[in-house]
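Next come the chains, spelled out residue by residue.
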Amino acid sequence: MSVYNFNAGPAALPLPVLEKAQEELKDFRGNGLSLMEMSHRSKTYDEVHNHAIQLLKEVMEIPDTHEVLFLQGGASLQFAMIPMNFLPPEKQAGYVLTGSWSEKALKEAEAIGRAVSAGSGKDGVYKRIPSPEELQLEEDFAYLHLTSNNTIYGTQWQQYPETSLPLIADMSSDILSRKTDVSKFALLYAGAQKNLGPSGVTVVAADRKFIESGREDIPKILSYQTHLKSNSLYNTPPTFSVYMLSLVLEWSKEQGGIEGLERKNAEKAGLIYQYLDDHADFYAPYAEKDCRSNMNITFTLKDDELTKEFLQKASEKGFIGLNGHRSIGGCRASAYNAVPKAACEALVQFMDDFYKNR
Ligand SMILES: *Cc1c(COP(=O)(O)O)cnc(C)c1O
């Protein structure tokens, strides 16, 4: 059955990646067994692992000052690991609140030490990102944390704050979707299941010196230094997820790298936003115009009844994952890297059919 996958995460994977994985599933590159059945200390896995690191550095243009780590526990574990490693008792941490995920990150930090809001879009029900002037940055911030793309509300930072504080970003839902100056970030992280591959691996890119500045009086498994020293092989890594990540990165290169992906993403989201704006009497985009996300396009219809009918009809036509997050309702189309432009065109066509029938 052919479907259009607009799932928010885990999300669409490129078809050629799935095909390649299937081809190599039972007999991995002539080894006579699956990669999943191999030691993570084997030469074969080691090559896959290091290749994935190299590819990520290449595609994201990660500078030599920064290291790539493959961890587990999702972005959610990063919410806890970051304050554990980088929030000493004599300092506080600043969190810019732009949605549910930032709130969760702040909550975890509060469980570890002193952490405060450094700016919030909550008053405006997270329809917009606070402007740089609205941020309250304190000198004793150990770091400033932000969420580059707000998966649930459909907003995205267009310009990151200029600050000398170590900047940390949760990029779970827009990593690899647009050009990013990685050198500006002391640490960035992303669960893989939106733009990078299947769930199971969490990607971290961080300044080596920043990692080394972290606390040492914490459990080894939760210390970035442990994973840095062991090249993310301290314990068994999610081998198959790392392999899938490497295939997604190969595919990303074939799409023209980060520039190619960025251009396609802007086209895809642009089609849908344009349609929404042109039919403002019927459809209402959720996020404010200058904060719109090219990854998660959120909107509602005139009333709840109509929204329900829209989602029902869409699902009958093979559109998957268009329901808004259970916390805000409405509709959400997640057009991550692997979602083809044709799927976005089909969605616009469906939206127009629905509009005309009304
Ligand atoms: C999906 C998501 C998360 C949660 O990721 P897990 O891997 O499930 O922990 C965190 N932050 C953002 C921005 C997300 O989109």
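In this text, all values refer to a predicted model and were calculated from it rather than measured experimentally.

Chemist: What exactly am I supposed to notice about the site of the ligand here?
Modeler: Ser-76, Thr-151, Asp-170, Gln-193 and Lys-194 are the nearest of the 13 residues found near the ligand. Measuring from an oxygen atom of the ligand, one finds a backbone N or O atom of Ala-75 at 3.2 Å. Coverage of the ligand by the protein chains reaches 87% of its 390 Å² of free accessible surface. Broken down by element, the shell around the ligand gets its largest block of residues, four residues, from helix H3 (residues 74-86). Among the residues making up the shell around the ligand, the classes are represented as three nonpolar, eight polar and two charged.

Chemist: Explanation requested: the side chain of His-227 in the structure shown.
Modeler: Following the sequence through the fold, His-227 ends up in helix H6 (residues 224-229). Judged by its relative accessible area of 6%, His-227 falls in the buried class. Separated by 2.8 Å, the side chain of His-227 and the backbone oxygen of Ile-221 make a polar contact. Sequence-distant contacts of His-227, defined by excluding residues within four places in its chain, comprise Leu-69, Leu-71, Ile-221, Ser-232, Tyr-234 and Asn-235.

Chemist: Hey, could you run me through empty space enclosed by the protein in this one?
Modeler: To locate leftover empty space, one rolls a probe as large as a water molecule over the atoms. One pass over the structure, following the stated rule, counts one cavity of 30 Å³ or more. Reported here for the largest cavity is a volume of approximately 50 Å³. Within the lining of the largest cavity, the residues separate by chemical class into seven nonpolar, three polar and one charged.

Chemist: Whenever I open this one, the domain arrangement of the protein confuses me. Can you help?
Modeler: For interface size, the figure often reported is the accessible area lost on association. We note that the domain assignment places domain 1 (15-254) and domain 2 (257-357) within the protein. Here the C-alpha centre of domain 2 lies 27 Å away from the C-alpha centre of domain 1. Contacts between the two partners involve 26 residues from domain 1, matched on the other side by 25 residues from domain 2. The contact between domain 1 and domain 2 buries some 2,200 Å² in all, and 54% of this surface belongs to carbon and sulfur atoms. On the domain 1 side of the interface with domain 2, the three residues burying the most area are Lys-127, Ile-152 and Tyr-153, jointly 24% of the side's total. At the junction of domain 1 with domain 2, the criterion picks out one salt bridge. Linking Lys-179 and Glu-259 is a salt bridge whose minimum nitrogen-to-oxygen distance equals 3.3 Å. Where domain 1 meets domain 2, there are 17 residue pairs in polar contact (both at pLDDT 80 or more). Looking at the side of domain 1 that touches domain 2, the elements that each hand over two or more residues are strand E6 (149-150), strand E7 (155-156) and helix H7 (239-254). With three residues, H7 is the single largest residue contributor to the side of domain 1 that touches domain 2. Grouping the amino acids of the side of domain 1 that touches domain 2 by side-chain chemistry returns eight nonpolar, eleven polar and seven charged.

Chemist: Honestly, the side chain of His-40 in this entry has me stumped. Any pointers?
Modeler: Mapped onto the elements, His-40 comes out in the loop between helix H1 (15-24) and helix H2 (43-59). Using a relative accessible area of 17% as the deciding quantity, one classes His-40 as buried. Looking at His-40, its side chain comes within polar contact range of the side chain of Arg-41, at 3.3 Å. In this structure, His-40 is in contact with Tyr-45, Leu-233, Asn-235, Thr-236, Pro-237 and Thr-239, ignoring residues within four places of it in sequence.

Rules and cut-offs
- Residues numbered from 1 in each chain as written.
- Predicted model: local features only at pLDDT ≥ 70, side-chain atom pairs only at ≥ 80, totals over all residues.
- Heavy atoms only, no water.
- Near = heavy atom within 4 Å.
- Polar contact = N/O pair within 3.5 Å; in protein donor to acceptor, adjacent residues only side chain to side chain.
- Areas by Shrake-Rupley, 256 points an atom, 1.4 Å probe, with all protein chains shown as cover.
- Helix = DSSP H or I, 4+ residues; strand = E, 2+ residues; numbered from the N terminus.
- Nonpolar A, V, L, I, M, F, W, Y, C, P; charged D, E, K, R; others polar.
- Buried < 20%, exposed > 50% of the residue type's maximum accessible area, 1.4 Å probe, protein only.
- Contact = heavy atoms within 4.5 Å.
- 1 Å grid on protein atoms, 1.4 Å probe; cavity = no way out; pocket = protein on both sides within 12 Å on 5 of 7 lines; lining within 4 Å.
- Points joined across faces, edges and corners; volume = space filled by probe spheres on them.
- Domains from an automatic or database assignment.
- Buried area = accessible area lost by both parts, 1.4 Å probe.
- Salt bridge = Lys/Arg side-chain N within 4 Å of Asp/Glu carboxyl O.

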